[in-house]
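# Coordinate inspection notes
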Amino acid sequence: MSTALATTEGIARALAQTHAGMLAGEPRTDDLSTQDRAAGWDVEHAGVLQACRRLGFLEHDAQCVAQAWRRQSQRTGQFSISHWPTDPQDFGLSTGPRNPAFAACPRRLGLYAVLPDAQWVARMAQAGVQTLQLRFKSEDPDAIRQQVRLAVQAVRGTDSLLFINDHWQIAIEEGAYGVHLGQEDMQDAPLEQLRLAGLRLGLSTHGYAEMLRADAASPSYLALGAIFPTTLKRMATAPQGLSRLNAYAALMRHHPLVAIGGIDEERIPSVMQSGVGSIAVVRAITGASHPEQTAKGLKHLIENLQKTEQPSQNAPKTIL
């Protein structure tokens, strides 16, 4: 290691420059190297931790990356600044069959339309959209049940797969294909009951710590986001960007993956290069002048890209 890289500060500076594309959110610039060394981090991996903070990673995500980098160094016998860890074993993940696990869904869920009510679900099912999510917001239990029931009825006789956002109990009772839960909902929902009911489970993730937590539930798919800025909901995390998406998709490649957040037609090709099998859209359809026509166009675009897809040229390299 050169003299310039012999210190935590030197390693942090070099790593942050090498992986500048990972920058998202608010960089943390205060020096915590003394505390990190006292906590047992060696010079190299204390530098990794410091660099992750400067790249805007939340502290729990920075800790995940630094721990994985240390395992990578131990596994390969060398510390490398250039090789961002994407090997599941370095994050403590198992890529083999899970038992128990949620029922499987297609690896390529294709165009994934997130829709506000059952009428939209019916329109998109008739338009041939492969995967649909009913995200109906209401405090009225009767209205929720009616919407879920109508949505389930709307996809019968079509090839569309319907996930219900949040309302897992009604989804079970009405016979939905699956449910989609956020991180907080995942903590509150009886996952074992959902699994035994045969529902597929999709989980939202917004970084390394949440991906590892979701992986432990052995879900049917993972949603990665938000990739780009979105005004649809207030996000606790910054838009992740393409470089992070590439790293996330490489790490979690043993799961079906859905990219979500601010993705429009123009951005779909670059997002698909990450290797995800599905693109979730909201406004790209519900805000379109001709939603059915737009949905069919997006569906064909994704399918054509999947036919010709190549491994991402932007994905971080790993040491084997």
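Use the structure listed above.
Residues numbered from 1 in each chain as written. Predicted model: local features only at pLDDT ≥ 70, side-chain atom pairs only at ≥ 80, totals over all residues. Heavy atoms only, no water.

## Looking at the overall build of the protein
A tally of helices and strands in the protein yields 14 helices and 8 strands. In terms of overall dimensions, the protein is globule-like: its C-alpha atoms have a radius of gyration of 21 Å, near the 20 Å expected for 320 residues. Total accessible area on the protein stands at roughly 14600 Å², and carbon and sulfur atoms take up 48% of it. Side chains of the protein carry 30 positive and 31 negative charges; the gap between the two charge centres is 4 Å. (Helix = DSSP H or I, 4+ residues; strand = E, 2+ residues; numbered from the N terminus. Rg over C-alpha atoms; globule rule 2.2 N^0.38 Å. Areas by Shrake-Rupley, 256 points an atom, 1.4 Å probe, with all protein chains shown as cover. Lys, Arg positive; Asp, Glu negative; His and termini not counted. Charge placed at Lys NZ, Arg CZ, Asp CG, Glu CD.)

## Concerning the pattern of salt bridges
Under the definition given, this model contains 16 salt bridges. Notably, a salt bridge pairs D36 with R53, separated by 2.8 Å at the nearest N-O pair. Within this pair, whereas D36 is found in helix α2 (residues 33–38), its partner R53 is found in helix α3 (residues 43–54), the two being separated by 17 residues in sequence. Exposure remark for D36: the relative accessible area of 6% places this residue in the buried category. (Salt bridge = Lys/Arg side-chain N within 4 Å of Asp/Glu carboxyl O. Buried < 20%, exposed > 50% of the residue type's maximum accessible area, 1.4 Å probe, protein only.)

## A short note on the sheet that holds strand β7 (residues 257–259)
The 8 strands lie next to each other as β1-β2-β3-β4-β5-β6-β7-β8, forming a closed barrel whose pairing is parallel. Within this sheet the neighbouring strands show an average axis-to-axis angle of 25°, counted without direction. (Pairing = 2+ DSSP bridges. Axes fitted to C-alpha atoms, helices over the stretch in contact; angles between N-to-C directions.)

## Some details on the nonpolar core
Formed by 87 residues in total, the largest nonpolar core has its most connected members in W84, L132, Y208, V276 and I279. The contacts of Y208, once residues within four sequence positions are left out, are F57, D61, C64, V65, W84, F91, A247, Y248 and L251. Residues C105, Y112, V114 and Y221 belong to the second largest nonpolar core, which totals 12 residues. (Core = buried A, V, L, I, M, F, W, Y, C linked by side-chain atoms within 4.5 Å. Contact = heavy atoms within 4.5 Å.)

## Quick word on the packing of helix α5 (residues 118–126) against helix α6 (residues 141–155)
Between α5 and α6, the shortest axis-to-axis distance is 8 Å and the interhelical angle comes to 10°. What the angle tells us is that α5 and α6 run roughly parallel. For the pair α5 and α6, the contacting residues are A118, V121, A122 and A125 in the first and Q147, L150, A151, A154 and V155 in the second. For the contact of α5 with α6, a count of residues per class yields 8 nonpolar, 1 polar and no charged. (Parallel < 35°, antiparallel > 145°, perpendicular 65-115°, else oblique. Nonpolar A, V, L, I, M, F, W, Y, C, P; charged D, E, K, R; others polar.)

## Considerations on the pairing of strand β4 (residues 178–181)
Burial of the side chains of β4 extends over both faces: G178 and H180 are buried on one face and V179 and L181 on the other. Sheet analysis places strand β3 (residues 161–165) next to β4, joined by 3 bridges and oriented parallel. Each bridged residue has a counterpart across the sheet, and for I164 the counterpart in β4 is V179. After leaving β3, the chain enters helix α7 (residues 168–174) and then returns to the sheet as β4, a path that is right-handed. Direction of pairing for β4 relative to strand β5 (residues 200–205): parallel, over a ladder of 4 bridges. Bridged to V179 within β5 is L201. (Right-handed = clockwise from strand over helix to strand, strands pointing away.)

## Some points on helix α1 (residues 8–18)
Inspection of α1 places T8, G10, I11, A12, A14, L15 and A16 among the buried residues, and these make up the whole buried set. Buried positions along α1 lie against α2, α3 and α4 (59–76).

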